[in-house]
Structure formats: structure tokens, C-alpha cells
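Listed below are the residues making up each chain.
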2 protein chains.
Amino acid sequence: MSQFADLNALRTACLTLPAGSDAAVTAVRERQRTLTKPAGSLGRLEDMAAWLAKWQNRPMPRLDQVDILVFAGNHGITRLGVSAFPPSVTAQMVANFSAGGAAINQLARIADAKLSVIPLNLQTPTQDFTEAPAMPAAEFLQAVGTGYDAVPTGCDLLCLGEMGIGNTTAAAAVAAALLGGDGTRWAGRGTGIDDAGMIRKRNVIDAALQRHAACRGDPLLIAMALGGRELAAILGATLAARHLGVPVLLDGFVCTAAAAPLAKMVPGALDHTMLAHLSAEAGHRILADDLGLVPLLDFGMRLGEASAAALAVPLLRAAVACHTGMATFAEAAVDDRA
Amino acid sequence: MSQFADLNALRTACLTLPAGSDAAVTAVRERQRTLTKPAGSLGRLEDMAAWLAKWQNRPMPRLDQVDILVFAGNHGITRLGVSAFPPSVTAQMVANFSAGGAAINQLARIADAKLSVIPLNLQTPTQDFTEAPAMPAAEFLQAVGTGYDAVPTGCDLLCLGEMGIGNTTAAAAVAAALLGGDGTRWAGRGTGIDDAGMIRKRNVIDAALQRHAACRGDPLLIAMALGGRELAAILGATLAARHLGVPVLLDGFVCTAAAAPLAKMVPGALDHTMLAHLSAEAGHRILADDLGLVPLLDFGMRLGEASAAALAVPLLRAAVACHTGMATFAEAAVDDRA
């Protein structure tokens with residue numbers, strides 16, 4: 001595996017994060033004061049322009065190249081009946097992504113973004129984490145490294161998402177281990193499981209928390225024991241984006257839970273990310289609040305596959321277009337203030 | 001004036017609204033059940049597709065032609081010091097729209113929408129409505145008719161907005177007269193007025209409500225006495241869109257207040273509209289809640305000029321793209337449910 005020889009190498013990469021550019025933020029704020037609009041009247045669009053500039057380290061943010069990465073993984077715990085859909089659907093949906101028939105294909109087109117789908121050893125699910133860690137360390141590091149290496153050169157904005165039948169259970173287990181609480185607090189309906197399935201899902205989370213209690217306090221071990229390959233890859237891609245100066249749009253509950261261990265290791269580790277959407281999945285609000293992530297959208301979506309991240313891209317394009325394209329009061333000969 | 005010979009003719013047009021197509025909604029819901037995603041997992045995007053189909057009267061909604069209309073007007077009450085900017089800015093911003101330098105120009109480009117700006121007799125402000133009705137009936141009907149006639153042929157979605165120094169005061173006065181409450185309840189900071197200006201603004205609203213108390217209970221008379229030409233034109237365009245089968249995106253506080261008289265005349269008169277954004281302007285939440293409008297976005301914007309309506313267009317494009325472009329479970333050979 002190219003990026004991380006062992007957990008300590010990964011830990012070091014997580015603990016040595018570059019800061020964004022305060023000078024770029026200052027430049028954005030100075031220009032905003034001159035544009036033909038009442039001060040602050042573009043609201044969050046102005047903050048979005050400043051955020052892009054900060055993490056792109058450019059006084060004028062740009063979105064020439066937007067990339068969407070969707071990581072796919074399979075989960076040993078699906079044999080315990082935690083999903084409304086069979087695990088065969090993960091590979092079938094990857095084929096659907098390739099054929100252009102999924103929601104993310106349509107949304108990537110509207111976002112004018114390049115979609116890449118990265119299946120992670122789908123034929124061999126992770127281990128059932130009620131019995132063993134989801135992944136041995138080498139496998140975890142490989143998945144993190146795959147995500148790390150997947151961030152394209154020249155990327156101005158990275159949208160992250162996932163596909164994996166069973167992965168809202170993994171995400172809930174990771175969130176519970178990081179933040180506290182049990183299956184009842186964190187389990188949601190996922191793709192639409194029934195009441196009996198919800199009970200199974202809660203029990204699986206509780207059993208997993210008990211089995212891996214020794215991981216508590218070590219976010220990377222939690223990601224390894226209770227996560228999944230696609231969650232590990234999202235962690236790796238989020239980390240790479242920080243080191244490469246690429247702002248990130250996080251998608252939904254699974255994506256947020258996948259990146260959360262970074263924030264639990266280093267405060268501010270997710271400052272280069274924005275949350276695209278507040279998922280209908282039960283635990284997402286708790287997790288987003290804890291991480292200080294304020295979603296751009298609240299549309300009751302719960303699809304994953306980077307759908308909400310792609311949906312939010314035009315909002316960022318709008319922020320950049322206003323910031324870079326508007327005339328100043330002087331240029332337009334508009335009177336400033338009475 | 002072409003459309004409305006007198007107030008009674010306008011009243012008749014307001015009271016004879018076509019319903020949307022329930023058959024189109026049924027067709028959308030049936031197709032949504034077959035698409036490769038868990039049922040309901042695209043959340044509000046699914047409702048948006050159904051809403052477009054209903055008011056376009058088409059089983060497959062489309063957004064081939066999106067039009068943005070920005071109406072501009074000047075207000076007699078600006079002489080009372082209710083705005084942070086001088087009234088000269090209205091015409092200057094219209095020139096800025098023509099030159100492509102305003103926020104709406106950039107946002108229209110991102111929305112792939114055609115922008116039309118319609119100035120309404122800017123050189124002659126409406127009357128100071130603390131002393132007289134803002135407009136005589138003939139002038140009001142002319143502005144409504146201009147808006148009515150401005151809806152382009154072939155339009156699939158109409159974004160409405162305004163420009164008019166002083167018009168948050170007019171909007172607040174209209175909202176207060178329609179819903180109750182005084183200047184303290186309805187006045188907001190507008191373009192950024194200071195505390196002394198806020199007191200003047202509240203007093204202007206209270207004086208106007210007292211002078212035109214006889215209009216209470218007649219939404220059209222309220223729009224005439226307390227509104228403005230650009231608000232009247234928005235009312236006309238919203239009414240025309242309903243008669244022509246065109247869904248509407250309302251922008252912010254002024255735009256919502258302009259359309260509100262329709263809803264107060266006929267329940268459901270704004271069912272063919274969606275609210276793009278919850279404005280930072282104080283009264284907007286009260287007004288939106290009263291009208292049952294749930295905003296798509298909450299970005300703290302307060303610019304007007306159809307900026308938030310344009311910003312929301314790609315969200316509707318995403319809804320249409322998913323609905324029309326996704327594969328079905330059968331087409332993609334994806335297993336449905338366990």
C-alpha cells in the first residue's frame with residue numbers, strides 16, 4: 001500500500017494538517033465590500049466564497065474542475081438482516097453507475113462534475129463486526145490509501161459519497177463509538193428497513209460496541225473495527241484533500257461518520273469540508289451538530305452515493321460566480337449608501 | 001392597459017384559477033416507485049418533480065426554458081428616510097443589470113435562465129403612501145397588467161424578483177395590512193438601515209396602516225394603497241403564470257408580500273409557487289409560515305433582484321434530471337428489496 005505503511009504513519013498524516021489561507025479570506029472579504037449589493041446581503045454565499053478561497057489558497061476561488069468520488073464496499077453484517085435490500089445490490093448499483101442510470105449520474109451532469117466510482121473488493125465483504133474487527137489493520141490502511149490516492153490532480157472541489165448495502169449500520173456504530181450512545185440513539189431506517197429490522201440493527205450496533213469497547217478513545221481503531229472499506233476510503237480522501245488544498249463537500253450520514261474520526265483526533269480537521277445536506281437518517285443531526293457542520297440543504301434525502309454533495313455544487317458555483325463576476329460600486333457607477 | 005379594464009376584471013381573474021393536473025402527479029409518483037433508489041430517498045427532490053409536473057400539466061416535467069423577470073419601481077416614501085441607500089440606486093442598478101454586473105446576472109448564468117428587467121416608470125415614484133394611496137387604480141392596474149403580459153411564451157419555470165429602494169417598507173406595510181400587526185412586527189433592516197432609520201421605518205408603516213385602514217379586508221386595495229409598481233407587476237406575473245400553466249419560484253420578502261394578496265383572496269392561489277429562500281428580512285418567516293410556503297434554501301440572503309429564485313433553479317433542474325434520466329430497477333437489473 002502506497003500511502004501508509006502502518007497506523008502510525010496514518011496517525012502522523014492526521015495530526016499534521018495544513019491551515020487554510022487567512023490572506024485569501026481577507027482578500028475575499030475586501031472585494032465583497034466593494035461589490036454592487038448591500039454589505040452581507042448574499043448571506044451564506046459570501047461565506048462559501050471565502051471558504052473556497054481559504055482552502056484553495058487563492059484570493060479568487062474557482063471551480064474549474066469538480067470531482068465526485070463514490071466509494072463502494074460490502075459489509076459482513078448484512079447477514080444479520082440489517083438492511084431492506086440484499087447485499088447483491090451494491091455491485092448492481094456500481095454497474096448502474098457505470099451505465100449512467102443512477103441518481104448520481106444525473107446529478108453529476110447538473111453539477112458539471114466528473115464522477116468516478118471506486119469499488120473496494122466487493123466480492124469479499126468486511127468481517128461481521130459483531131464477531132471481529134470489520135477490517136484487519138492492513139486492509140483498513142489499504143482502503144484509506146485508496147481513498148487518499150483517488151483525489152484527482154487539479155481538483156478544485158471534491159464531492160465524496162458511498163454505496164454499500166448495510167453501511168448505515170456501520171456508520172451508526174462508528175458514530176456511537178465516537179460520540180457515545182447506543183443503537184437506539186443511532187440506528188435509522190437506512191434504505192427503509194421495517195420495525196423488526198430496526199430492532200436487529202440496534203442489537204447489532206450494541207453488540208459491536210460491546211465487542212470493540214477497547215477501541216473507545218482511538219478514532220482510527222474505531223474506524224477500523226466498526227466501519228467499512230468505503231468509509232475508510234472517504235476518510236483517506238478527506239485527509240488527502242486537506243493536504244492537497246482541496247475543499248470537500250460531504251454528502252450524508254455515512255459520509256459524515258466516515259470523516260468524523262479525523263475531527264475527533266484533531267479539532268478543526270474538517271474545517272476544509274462543508275456538509276451538503278442534513279440526511280433524513282436519524283443520527284445525522286446529532287453527528288452534524290457535534291461536529292459543528294451546518295448543512296447547506298435540508299431536503300429529507302437519504303440516498304447516499306454523493307447525491308446531496310452533487311446537488312449542492314451549483315450553490316457553490318453561484319457563490320463563485322457572484323464573487324468573481326459582479327461589478328464594484330465604482331465600476332457600475334452605483335451610489336454606495338445614502 | 002391590455003389585461004384589466006378595471007379592478008373587477010382583475011378580481012375575476014384572481015377568483016377563477018385553474019387547478020393543476022392530478023393525473024400528472026400520479027404519473028410522476030408511479031414512475032418514482034420504479035427508479036433505482038429506495039422509495040422516497042430523494043426526499044424533497046421527488047416532491048419538486050411532482051410539483052413541476054402538476055403545474056406544467058405534463059407527466060414528465062421539463063425545464064427547457066427558464067425565465068427570470070425582475071421588475072423595478074421607485075417609492076414616494078423614500079423621502080421619509082426609510083432606506084440605507086438613496087432612490088437614485090434603483091435606476092443605477094437597472095443599468096447594472098443591463099451591463100451584466102449585478103448578482104442576478106451571474107446567478108442567471110449559473111441557472112441557465114433568461115433574465116429580463118422591466119423598469120416601471122422609475123422617473124416618477126409612487127405616491128408617499130402615508131399621505132395617499134401608493135397608486136391610483138389605473139396606475140395599479142397598468143403595473144399588474146405589465147407583469148401579467150411579461151410572462152414569456154414557452155416558459156417552463158418563472159423566477160420573479162424586484163429592485164426598488166424603499167420596497168421592504170412597502171412590502172412590510174402590505175404584509176401588516178394583510179396579516180395584522182404593526183411596524184414593529186414587520187419592519188426589517190432592508191439594505192441595512194441603522195437604528196434611527198428603523199424607527200422611521202416603523203413609524204411610516206404605522207402611519208400608512210392608519211391612513212388606509214379602510215382597505216383592510218380587500219387584498220387588492222391593500223396592494224394598491226400600500227404596495228408599489230414592482231410589487232403589483234409581480235402579482236400580475238404570478239397570476240398570469242397560474243393561468244398559463246407555469247410554475248413560479250418566488251424570491252424573498254418583497255416578492256412574497258407582492259404575491260400574498262392572491263392567497264388572501266383565494267386559498268391555494270399560490271400552490272403553483274415555491275418559495276426559493278427564507279430571507280434574513282425580519283418579516284419573511286412570519287409571512288412564509290402564514291402562507292404555508294416552505295423555503296428551499298435558508299442562506300441568510302436579503303438582496304432581492306430574484307437572486308435567491310435564480311439560485312434555486314439548479315435544484316429544480318436536479319429534480320427533473322433524476323426523474324427523467326434515472327434507470328428503473330428492471331432496466332438496470334437491480335434487485336428491489338430483500
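The text that follows walks through the structure, step by step, so that each part is easy to find. Worth saying up front: this structure is predicted, and the values here are computed from it rather than measured. (Residues numbered from 1 in each chain as written. Chains lettered and ligands numbered in written order. Predicted model: local features only at pLDDT ≥ 70, side-chain atom pairs only at ≥ 80, totals over all residues. Heavy atoms only, no water.)

### Structural notes on the relation of the copies chain A and chain B
Argument step 1. If you rotate chain A by 180° and push it 0.0 Å along the axis, it lands on chain B with an RMSD of 0.0 Å. Both copies are brought into coincidence by an operation consistent with a two-fold rotation axis. (Least-squares fit on C-alpha atoms with pLDDT ≥ 70 in both.)

### Regarding the sheet that holds strand β4 (residues 248–250) of chain B
Residues and elements named next belong to chain B.
Argument step 1. Spatially, β2-β1-β3-β4-β5 is the arrangement adopted by the five strands of the open sheet, whose pairing is parallel. This sheet does not close on itself; its edge strands, each paired only once, are β2 (114–119) and β5 (273–275). Strand-to-strand twist across the sheet, computed as the mean angle between neighbouring axes with direction ignored, equals 25°.
Argument step 2. As paired strands, strand β1 (residues 66–72) and β2 are joined by six bridges and run parallel to one another. Counted as the bridge partner of A72 is P119 from β2. (Pairing = 2+ DSSP bridges. Helix = DSSP H or I, 4+ residues; strand = E, 2+ residues; numbered from the N terminus. Axes fitted to C-alpha atoms, helices over the stretch in contact; angles between N-to-C directions.)

### Quick look at the environment of A:S116
All names here are of chain A.
Argument step 1. Looking at where S116 falls in the secondary structure, it is placed in strand β2 (residues 114–119).
Argument step 2. Separated by 40 residues in the primary sequence, S116 and G76 place their C-alpha atoms 25 Å from one another.
Argument step 3. Every residue in contact with S116, bar those within four places of it in the chain, is listed here: I68, L69 and V70. (Contact = heavy atoms within 4.5 Å.)

### Looking at the pairing of β1(B)
Residues and elements named next belong to chain B.
Argument step 1. In terms of residue burial, β1 counts as a mostly covered element, since seven of its seven residues are buried.
Argument step 2. Neither face of β1 is left uncovered, since the one carrying V66, I68, V70 and A72 and the one carrying D67, L69 and F71 both have all their residues buried.
Argument step 3. Relative to strand β3 (residues 157–163), β1 runs parallel, the two sharing seven bridges. Its bridge partner being in β3, V66 is matched across the sheet by L157. (Buried < 20%, exposed > 50% of the residue type's maximum accessible area, 1.4 Å probe, protein only.)

### Considering the packing of aromatic side chains
Argument step 1. A complete count under the given rule lists four aromatic pairs over all chains for this structure.
Argument step 2. Consider the rings of A:F329 and B:F85, whose centres lie 6.4 Å apart with planes at 15°: the pair is stacked. Within this pair, whereas A:F329 is found in helix α15 (residues 329–332), its partner B:F85 is found in the loop between β1 and α4 (88–99), the two belonging to separate chains. Just as A:F329 is buried, B:F85 falls in that class too. (Phe/Tyr/Trp six-rings, centres within 6.5 Å; stacked < 30°, edge-to-face > 60°.)

### A word on the nonpolar core
Argument step 1. Counting residues in hydrophobic clusters, the biggest one holds 112 residues, and the most contacted among them are A:L249 and B:L249.
Argument step 2. Not counting residues within four places of it along the chain, the set of residues in contact with B:L249 comprises B:L157, B:L158, B:C159, B:L160, B:M274, B:A276, B:L296, B:A309, B:A312, B:V313 and B:L316. (Core = buried A, V, L, I, M, F, W, Y, C linked by side-chain atoms within 4.5 Å.)

### Remarks on the interface of chain A and chain B
Argument step 1. Each partner contributes residues to the interface: chain A has 53 residues there, and chain B has 53 residues.
Argument step 2. When the area that chain A buries against chain B is broken down by residue, the three leading residues are A:F85, A:F299 and A:R337, summing to 14%.
Argument step 3. Viewed at the interface, chain B and chain A are joined by zero salt bridges.
Argument step 4. Taken together, the connections running from chain A to chain B amount to 18 residue pairs in polar contact (both at pLDDT 80 or more). (Buried area = accessible area lost by both parts, 1.4 Å probe. Salt bridge = Lys/Arg side-chain N within 4 Å of Asp/Glu carboxyl O. Polar contact = N/O pair within 3.5 Å; in protein donor to acceptor, adjacent residues only side chain to side chain.)

### Thoughts on the packing of helix α7 (residues 167–179) of chain A against helix α9 (residues 195–211) of chain A
Residues and elements named next belong to chain A.
Argument step 1. Where α7 contacts α9, the axes come no closer than 10 Å and their chain directions differ by 45°. Comparing the axis directions of α7 and α9 gives the class oblique. Where α7 crosses over α9, the two elements pack in a sense that is right-handed. Here α7 contributes T168, T169, A172, A173, A176 and A177 to the contact with α9, which in turn contributes K201, V204, I205 and L209.
Argument step 2. A per-class count over the contact of α7 with α9 returns seven nonpolar, two polar and one charged. (Parallel < 35°, antiparallel > 145°, perpendicular 65-115°, else oblique. Left-handed = near helix turned anticlockwise from the far one by under 90°. Nonpolar A, V, L, I, M, F, W, Y, C, P; charged D, E, K, R; others polar.)

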